[in-house]
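# Tertiary structure, described
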Amino acid sequence: MRGVELVRSVGISTYVQQQKAELGKQTKHVRDFSVFDFSYIPDQPVVRRECRELIDEMLRFDISGIGTHMSIIGSRGSGKTLMLKHLQRVVPKQTSLEFVYANCRHHNTSFKILAHLLGEKPRGASLPEYYEQFLARCPGKTVVVLDEIDLMSSKDRNREILYLLSRSEQPFMVVMLSNSPQVLKQLDAATRSSLQPMPLHFRNYDAGQIQDILKQRAQLGLKEWDDGMLAEIAALTTRMTNADARVAIKTLKYSATRPRDDTKACFERARRDIVIDMVNDLSDANLTILWAAATSKSDLAKEIYKRYCRFSRDHQEKPFSYVHFYANLSYLQSVGLVALVATKVGRTYTNRVILTADPRTVDQLATLRFG
Ligand SMILES: Nc1ncnc2c1ncn2[C@@H]1O[C@H](COP(=O)(O)OP(=O)(O)OP(=O)(O)O)[C@@H](O)[C@H]1O
Ligand SMILES: [Mg+2]
């Protein structure tokens, strides 16, 4: 007997009692659920080697007052946000540096970022006014972390805040986090030349590093676990995703709370959840492009572009130019939702767009958003 039938047959009260006991049994190995939350910051993150370079630049900034701006690039779940949030906890205690942090997904223009850093609602003042207030608020050596900088709105294509901070007489060190190097290419020449960010690549984790991350979560969150299972999750994660630590952590959580499912089933479930989160987080334009790729008969980028244009016009939206459309496809590639493969058709080279997500899921999520 399944679902509602079961509840009907035993009655709600009995069902609650039985199901509570059952779930209690299933989760008996869990000591602390909070360590499986993606916003959880462990006291001692597993250290990756690129970390040292970043810390050393911060210490040089502390001593000299001259900040080297940095652009940290790494694929999804490579620990960028975690590492900067951890350094924000640790570094100011031992130096004279201040840290401020903004996520450009939630504050997607220079104006909104400054308002957020000032703790204000983004209205009422102008950008120069907010900037003056910000300078007054942060007179000392300040590390400005701009997370998910690639998600700033196209309305602020020049990312004015970068220009302002890089030209400031006050000591700032800007640290930008993103999935792809594309963002640096999009900056206008004036900003690029005064910012001159130093790129730092967070390499994808290998299976050993993912296993260390899992072991740490297991020690903190579980009463018992099997090291062989941690190794299996780490191997699946590095082989079948871009070593996304989120997928690994969620698989571990499912393995601990769904004892009837094997590791592979938990991994597939975790991966599907993460893809759904990722697709739901896309802007309308990017979701339209992904939908066009998921439902097009042809996988050639030019054909997908035509389908995307038709859909946009049908929904009274002005479609992007092909160049802008292609930049968005590159973004979808950088977050791991599609792969672009160069191919020769006739005499010219073009790109095939290979979806890594399930096309039916993409279609369903687009229907939910656009109707
Ligand atoms: N070195 C690490 N030690 C412990 N936990 C880690 C480490 N790296 C990543 N994690 C965990 O993996 C998850 C994903 O990490 P994080 O959010 O920092 O990735 P990200 O690189 O910012 O990804 P995105 O590009 O999607 O923003 C988080 O729950 C984080 O706590
Ligand atoms: Mg992040």
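Residues numbered from 1 in each chain as written. Chains lettered and ligands numbered in written order. Predicted model: local features only at pLDDT ≥ 70, side-chain atom pairs only at ≥ 80, totals over all residues. Heavy atoms only, no water.

## Side note on the environment of Ser154
Assignment of secondary structure puts Ser154 in the loop between strand 3 (142–147) and helix 7 (160–167). In this structure Ser154 comes out as partly exposed when scored by relative accessible area, which is 45%. For the pair Ser154 and Asn108, spaced 46 residues apart in sequence, the C-alpha separation works out to 9.0 Å. (Helix = DSSP H or I, 4+ residues; strand = E, 2+ residues; numbered from the N terminus. Buried < 20%, exposed > 50% of the residue type's maximum accessible area, 1.4 Å probe, protein only.)

## Here we look at the side chain of Ser78
As for its placement among the helices and strands, Ser78 is situated in the loop between strand 1 (70–74) and helix 4 (80–94). Ignoring any residue separated from it by four or fewer positions in sequence, one finds Ser78 in contact with Arg48, Phe202 and Tyr205. (Contact = heavy atoms within 4.5 Å.)

## Topic: the pairing of strand 1
Across the five residues of strand 1, five count as buried, placing the element largely inside the fold. Alternating residues of strand 1 divide into Met70, Ile72 and Gly74 and Ser71 and Ile73, and every residue in both groups is buried. Pairing analysis gives five bridges linking strand 1 to strand 5 (residues 198–202), with the strands arranged parallel. The partner of Ile72 across the bridge, within strand 5, is Leu200. (Pairing = 2+ DSSP bridges.)

## Describing the site of ligand 1
Surveying the vicinity of ligand 1 reveals 21 residues, the closest of which are Val46, Lys80, Thr81, Leu82 and Tyr205. Residue Phe38 places a main-chain N or O atom 3.3 Å away from an oxygen atom belonging to ligand 1. At 3.1 Å, a backbone N or O of Ser78 approaches an oxygen atom of ligand 1. Here ligand 1, which alone exposes 630 Å², has 96% of that area covered by the protein. If you map ligand 1 onto the pockets, it falls in the largest pocket. Broken down by class, the residue content of the shell around ligand 1 amounts to 10 nonpolar, seven polar and four charged. Counting the residues that make up the shell around ligand 1, at least three belong to each of domain 1 (50–202) and domain 2 (207–278). (Near = heavy atom within 4 Å. Polar contact = N/O pair within 3.5 Å; in protein donor to acceptor, adjacent residues only side chain to side chain. Areas by Shrake-Rupley, 256 points an atom, 1.4 Å probe, with all protein chains shown as cover. 1 Å grid on protein atoms, 1.4 Å probe; cavity = no way out; pocket = protein on both sides within 12 Å on 5 of 7 lines; lining within 4 Å. Sits in = over half its atoms within 2 Å of the grid points. Nonpolar A, V, L, I, M, F, W, Y, C, P; charged D, E, K, R; others polar. Domains from an automatic or database assignment.)

## Description of helix 4
Look at helix 4: 21 Å from first C-alpha to last across 15 residues, which is about the 21 Å you get at 1.5 Å a residue. At Gln88, helix 4 shows its maximal kink, close to 30 degrees; a proline, Pro92, follows between one and four residues later. Every buried residue belonging to helix 4 is among Lys80, Met83, Leu84, His86, Leu87 and Val91, and all of these are buried. Where helix 4 is buried, its residues meet helix 3 (50–64), strand 1, strand 2 (98–103), strand 3, strand 4 (172–178) and strand 5. (Expected span 1.5 Å × (residues − 1). Bend = angle between axes of the 7 residues up to and from the residue.)

## Section: the sheet that holds strand 1
If you trace the five strands from one edge of the open sheet to the other, you get 2-3-4-1-5, paired in parallel fashion. Sheet topology places strand 2 and strand 5 at the edges, where each strand pairs with a single neighbour. Looking at each pair of strands side by side, their axes are set apart by 20 degrees on average, direction ignored. Here strand 2 pairs with strand 3 via six bridges, running parallel. Bridge assignment links Phe99 to a residue of strand 3, and that residue is Val143. Across the sheet, helix 4 touches strand 1, strand 2, strand 3, strand 4 and strand 5, and the angle it forms with strand 2 is around 155 degrees. Along the sheet face, helix 5 (residues 110–117) touches strand 2 and strand 3 and points at about 130 degrees away from the line of strand 2. (Axes fitted to C-alpha atoms, helices over the stretch in contact; angles between N-to-C directions.)

## Points about helix 13 (residues 263–281)
Its 19 residues give helix 13 an end-to-end C-alpha distance of 27 Å, which sits within 8% of 27 Å, the value for a rise of 1.5 Å per residue. The inward-facing, buried residues of helix 13 abut helix 11 (227–240), helix 12 (245–257), helix 14 (284–295) and helix 17 (359–370).

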